[in-house]
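Close look at the chain arrangement
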Amino acid sequence: MRTQKNADCGLRIADLKSEIANPKSEIKTITVAVAGNPNSGKSTLINAIAGTRLYVGNWPGVTVEKKSALFEYEGTNIKLVDLPGTYSLSPYTQEEIIARDYLVHEKPDVIVNVVDATNLERNLYLTVQLLELGIPVVIALNIYDEAEKKGYKIDTKAMEKILGVEVIPTVATKKMGLDNLLKAITNITNSVSMHRPKKLNYGSDIESSVSIVEKQIQNSYSQLSEKYPLRWLAFKLMERDSHVMEEINIENQSFIEEATRHLKKAHGEDMESIMADARYAVAAGLTREVLKKPEFKKMELTEKIDKIVLNRFLGIPIFLAAMWLVFKLTFDVSAPFGDWIDAMTAGPFRRWAEVILGFAHAPAWTASLATDGIIAGVGFVLVFVPVIFAMMFFITFLEGSGYMARAAFVMDRAMHSMGLHGKSFIPMLLGFGCNVPAVYATRVLENPRDKALTSLLIPLMSCGARLPVYVVFIGAFFTAYVGTVLWSLYVMGIALAVLMGIIFKRTLFKGESPMFIMELPPYRMPSFRSLMIHTWEKGKHFLIKAGTYILAVSILVWFLLNLPWGVEHKKDSYLGKMGQVIAPVLAPLGFGNWEAASSLVSGLIAKEIVVGTMGEIYVQKAADENKETPTLTEDLKEMGTSFAGAVKDSAANLISTFGMASLSSKESTEETKERTPLRDVIKGQFTPLTAYAFITFVLLYMPCIVVAIAMRQEFGTWKWFGIAFAYQMVLAWVVAFVIYQGGRLLGLG
Amino acid sequence: MNLANLKPGEHGKITKMGAMGPLKRRLMDMGVLVGEKVKVEKIAPLGDPIEVTIKNYNLSLRKKEAEGIEVEVVK
Ligand SMILES: Nc1nc2c(ncn2[C@@H]2O[C@H](COP(=O)(O)OP(=O)(O)OP(=O)(O)O)[C@@H](O)[C@H]2O)c(=O)[nH]1
Ligand SMILES: [Mg+2]
């Protein structure tokens, strides 16, 4: 195996263009389906080959939809199609159906079967089924590095001979073997007929039955034999595959029964089990032939880590501590940068905009729109870019390391008690980053009931967009307990999800709860590069949101705050009036003022907007006070030095978090908390108790519009969103009520 | 004797697959077959699910699912 350079197989747009300009050289486009077991590295492989940034993670079920990547290799356009990982081509999970429908109906030119070399037998079970399709196959023997490390010797030549397909060792994470793989693919398309995979023999009794069924299909249903691979279809009919039966809908099925009767009798089993056994027998035989394992098995790192992490007594504390550490680090590392951006947008940017608009002789109201509306609105949100990226970074790390699957294992019992699945835990955990991808990730769940229930609970997972609101309030009231207060909100979300889950399980979702069968992948150290790429891919959405519709909403809010024209007081503006109408409803919760109510209204669109609106309502008066205007060079110098300061503070926080003695240290956090105008105003308007009730309300009160759209897309109906909306409004009100009134009774008000 | 009865560290050999329908098919697709050797590795901190090694990889499943898998203890 040799290393090959990145450039060899990246997207070569320049080449593509010249080919288009020169129509003489006809370019072929070939379609290559990438199929394999979950977590075998399919997406990583495609990313390595085509330079794409498909979502990867070290847990089974990352890819849930087919995705494609187009690139050019030696004069051929290759379309790589990333399929969801599957263990089999049975009709029981959505992913399996997506993968096999693609393979059967779209008829790709080549299948690249990504096989996890550390797990040959189970992976080859799928290979055996792929070969039934009669499409040319190339095997990418991936994760070859780990197999070598374990001391496995795999005889790829023997494998090629037995299967009749090329077998190429690859290490997708290190871009090794890619060139050979591409050569093998193009070889096939240059001479297809020579690369028909071998027909594997499942034993004489099965083979004779299948040939009877094949003949029958050809005789009585010849149109089917054109549409489907014959051998595959025959097997599916024998297995009574519900999905295929429905699709082809043949009336007279007695010939199938006849052909399989003696098999069922001889094995005393149903046909599905007989076929699974037969296929595994082939896979096992093949594995025995080609794989040599070392005599002594070393205790592996994964085992050592799991001994501690999944320990009976330590498992749960470690899980909770890990979550706490993630939030603590997220906050500590990012806070100085957030403050820096805050100072920049409130200071230099604002001043520059004023200067520019002044030169342009813009009317006063446009200056106000630009500074109070746009710069303040977007600025307040941009402040949270560092927090969100830090959070995404840690989530990416958890995903890449393999801890996600352990979390599902540790939490399954608790999940199960609310009618869920340990795997529901994964979308829910993703929900801490952003609820939107979390709703899509519910596809890892096999049954619609789980999906719906999980999606209903996801909005209780406090997403990154809510952080800005917490940050402002915590910064104003709870600087001494930053980590703890933040942690309490997340834990509250989880606890309420448990409660609601139990309620839903007893009401909307009566009936059987689903199965939990999940592979635990080995721990892996994600590379720094891939951490950065996937953190960026996740965080990017927030930036785009800030740039587009948060911008639009900031403008809208500005207008709502300044219309009808010439309102003297914000209170009489449209938004203010809305706030005034709603405020009495919020009064029992301790924040029945129109300012808070108006902010909450605007937050229906996206929760981070709450902060932006508060900024617009509260801050202007305060900000006008510092009149001394520095020069441009002074501004730039100040930006530079304060950024350096932020880096230093961030590093100091990081160190103090790990120096466990100062876990809740006041000094380091208080120093970096400079007074920002919004925090000061909020301090006057709220008490610690009402502040806490308010952020609780923000945590709970409803999923944002984008989640609504995602839910609608996933379920094809507004029903689930409607239910989520209704129960969350009630829940938010009740919980905030209990906190505020309870707190007052305890004399905290 | 079924798989849920085995203690962590114990080995077993599958003698019968009791579960029916999709669950059985799913288990079989993941290599849980009659005649296969399994080892129970761990029980989750809250008592369920369990983790087993089968066909050289780690699989977790709930006790309720493991109950459908008949085993005999192997030394
Ligand atoms: N050591 C090693 N790790 C790899 C290799 N290829 C992929 N991985 C890791 O394996 C994990 C799974 O990779 P993915 O690309 O997400 O796997 P997938 O097949 O797309 O998984 P699903 O989408 O869940 O079906 C990631 O943690 C990768 O970093 C490899 O060649 N060597
Ligand atoms: Mg994938």
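Residues numbered from 1 in each chain as written. Chains lettered and ligands numbered in written order. Predicted model: local features only at pLDDT ≥ 70, side-chain atom pairs only at ≥ 80, totals over all residues. Heavy atoms only, no water.

All names here are of chain A. Ligation of the magnesium ion (ligand 2) by protein atoms is provided by Ser43 (OG) and Thr63 (OG1), these donors lying 1.9 to 2.1 Å from the ion. Placement of the pair is serine 43 in helix 2 (residues 42-50) and threonine 63 in the loop between helix 2 and strand 2 (67-73), with a sequence separation of 20 residues. Both residues of the pair, serine 43 and threonine 63, count as buried. (Donors = N, O, S within 2.8 Å, 3.2 Å for Na, K, Ca; no water. Helix = DSSP H or I, 4+ residues; strand = E, 2+ residues; numbered from the N terminus. Buried < 20%, exposed > 50% of the residue type's maximum accessible area, 1.4 Å probe, protein only.)

The next subject is the site of ligand 1. Residue and element names in this part refer to chain A. In the vicinity of ligand 1 lie 25 residues, with Lys42, Thr44, Gly61, Val62 and Thr63 positioned nearest. Within the contact set of ligand 1, an oxygen atom lies 3.2 Å away from a backbone nitrogen or oxygen of serine 40. Separating an oxygen atom of ligand 1 from a backbone N or O atom of glycine 85 is a distance of 3.2 Å. Within the complex, 94% of the 650 Å² of free accessible area of ligand 1 lies under protein. (Near = heavy atom within 4 Å. Polar contact = N/O pair within 3.5 Å; in protein donor to acceptor, adjacent residues only side chain to side chain. Areas by Shrake-Rupley, 256 points an atom, 1.4 Å probe, with all protein chains shown as cover.)

Another point: the pairing of strand 4 (residues 57-61) of chain B. In the case of a regular strand, side chains alternate between the two sheet surfaces. Buried residues dominate strand 4 of chain B, accounting for five of its five residues. What you see with strand 4 of chain B is no split at all: Tyr57(B), Leu59(B) and Leu61(B) on one side and Asn58(B) and Ser60(B) on the other are buried throughout. As paired elements, strand 9 (residues 517-519) of chain A and strand 4 of chain B share three bridges and run antiparallel to each other. Residue pairing for strand 4 of chain B: Ile517(A) is matched across the bridge by Leu61(B). In this sheet, strand 4 of chain B lies alongside strand 3 (residues 50-54) of chain B in antiparallel orientation, the contact comprising five bridges. The residue of strand 4 of chain B that forms the bridge with Thr53(B) is Asn58(B). Here strand 3 of chain B folds back onto strand 4 of chain B, and the loop between the two strands holds two residues, one of which, Lys55(B), carries a positive phi near 45°. (Pairing = 2+ DSSP bridges.)

All names here are of chain A. With six of seven residues buried, strand 3 (residues 76-82) lies mostly within the body of the structure. Pairing between strand 1 (residues 28-36) and strand 3: seven bridges, direction parallel. In the sheet register, lysine 28 faces strand 3, and the bridge partner there is threonine 76. Inspection of the sheet shows strand 2 paired to strand 3 by seven bridges, in the antiparallel sense. In the strand pairing of strand 3, leucine 70 is matched with lysine 79.

On to helix 2 of chain A. Residue and element names in this part refer to chain A. A large share of helix 2 lies buried, amounting to eight of its nine residues. Listed in full, the buried residues belonging to helix 2 are Lys42, Ser43, Leu45, Ile46, Asn47, Ala48, Ile49 and Ala50. Glycine 51, located one to two residues past helix 2, shows a positive phi value of around 70°.

The six strands are arranged 9(A)-4(B)-3(B)-2(B)-1(B)-5(B) in an open sheet whose pairing can be described as antiparallel. The open sheet has two edge strands, strand 9 of chain A together with strand 5 (69-74) of chain B, and neither has a second partner. Neighbour to neighbour, the strand axes of the sheet diverge by 40° on average, direction disregarded. With six bridges connecting them, strand 1 (residues 11-17) of chain B and strand 5 of chain B associate as antiparallel partners. Bridge assignment links Lys16(B) to a residue of strand 5 of chain B, and that residue is Glu70(B). (Axes fitted to C-alpha atoms, helices over the stretch in contact; angles between N-to-C directions.)

This next bit is on helix 21 (residues 448-457) of chain A. Residues and elements named next belong to chain A. Within helix 21, nine of the 10 residues are buried, which leaves it mostly tucked inside the rest of the structure. The set of residues buried in helix 21 consists of Arg449, Asp450, Lys451, Ala452, Leu453, Thr454, Ser455, Leu456 and Leu457. For helix 21, the elements touching its buried residues are helix 3 (94-105), helix 19 (425-431), helix 20 (435-441), helix 23 (482-506), helix 33 (705-715) and helix 34 (719-745). (Contact = heavy atoms within 4.5 Å.)

Let us now look at the packing of aromatic side chains. Residue and element names in this part refer to chain A. Applying the stated criterion across every chain yields a total of 22 aromatic pairs over all chains. When the ring of tryptophan 733 is compared with that of phenylalanine 737, the centres are 5.2 Å apart and the planes differ by 10°; the resulting orientation is stacked. With tryptophan 733 and phenylalanine 737 both in helix 34 and four residues apart, this pair spans about one turn of that helix. Using a relative accessible area of 28% as the deciding quantity, one classes tryptophan 733 as partly exposed. One aromatic cluster is present, built from ring pairs that chain together Phe473, Phe591, Phe686, Phe694, Phe697 and Tyr701. When the ring centre of phenylalanine 235 is taken as reference, the NZ or CZ atom of arginine 279 above it lies at 5.7 Å. In this structure, lysine 451 packs its charged tip against the face of phenylalanine 715, placed 5.5 Å from the ring centre. (Phe/Tyr/Trp six-rings, centres within 6.5 Å; stacked < 30°, edge-to-face > 60°. Lys NZ or Arg CZ within 6 Å of the ring centre and 35° of its normal.)

Now for the interface of chain B and chain A. Every contact between the two is made by 30 residues of chain B and, on the other side, 47 residues of chain A. With both sides pooled, the region where chain B packs onto chain A buries about 3,500 Å², and carbon together with sulfur makes up 56% of that total. The interface formed by chain B and chain A includes six salt bridges. For Lys24(B), the salt bridge goes to Glu269(A), with nearest N and O atoms at 3.2 Å. Taken together, chain B and chain A are joined by 17 residue pairs in polar contact (both at pLDDT 80 or more). (Buried area = accessible area lost by both parts, 1.4 Å probe. Salt bridge = Lys/Arg side-chain N within 4 Å of Asp/Glu carboxyl O.)

This brings us to the side chain of Ser60(B). By secondary structure assignment, the location of Ser60(B) is in strand 4. The exposure class of Ser60(B) is buried, given its relative accessible area of 0%. Discounting chain neighbours no more than four positions away, the residues touching Ser60(B) are Phe409(A), Phe516(A), Ile517(A), Met518(A), Leu520(A), Ile50(B) and Glu51(B).

All names here are of chain A. The domain architecture assigned to chain A consists of domain 1 (9-189), domain 2 (204-267) and domain 3 (317-745). Each of domain 1 and domain 2 has a C-alpha centre, and these two points are 29 Å apart. Counting from both sides, the interface comprises 10 residues of domain 1 and, opposite them, 13 residues of domain 2. Three residues, Arg100, Val104 and Glu132, lead the burial of domain 1 against domain 2; their summed loss comes to 46% of the area buried on that side. (Domains from an automatic or database assignment.)

Before going further, it helps to examine the pattern of salt bridges. Using the criterion set out here, one finds 27 salt bridges over all chains in the structure. Arg122(A) is paired through a salt bridge with Glu519(A); the nearest N and O atoms lie 3.3 Å apart. One end of the pair, Arg122(A), is in helix 4 (residues 120-132); the other, Glu519(A), is in strand 9, with 397 residues separating them in the sequence. Through salt bridges with shared partners, one network takes in Glu132(A), Lys236(A), Glu239(A), Glu272(A), Arg279(A), Arg25(B) and Asp29(B).

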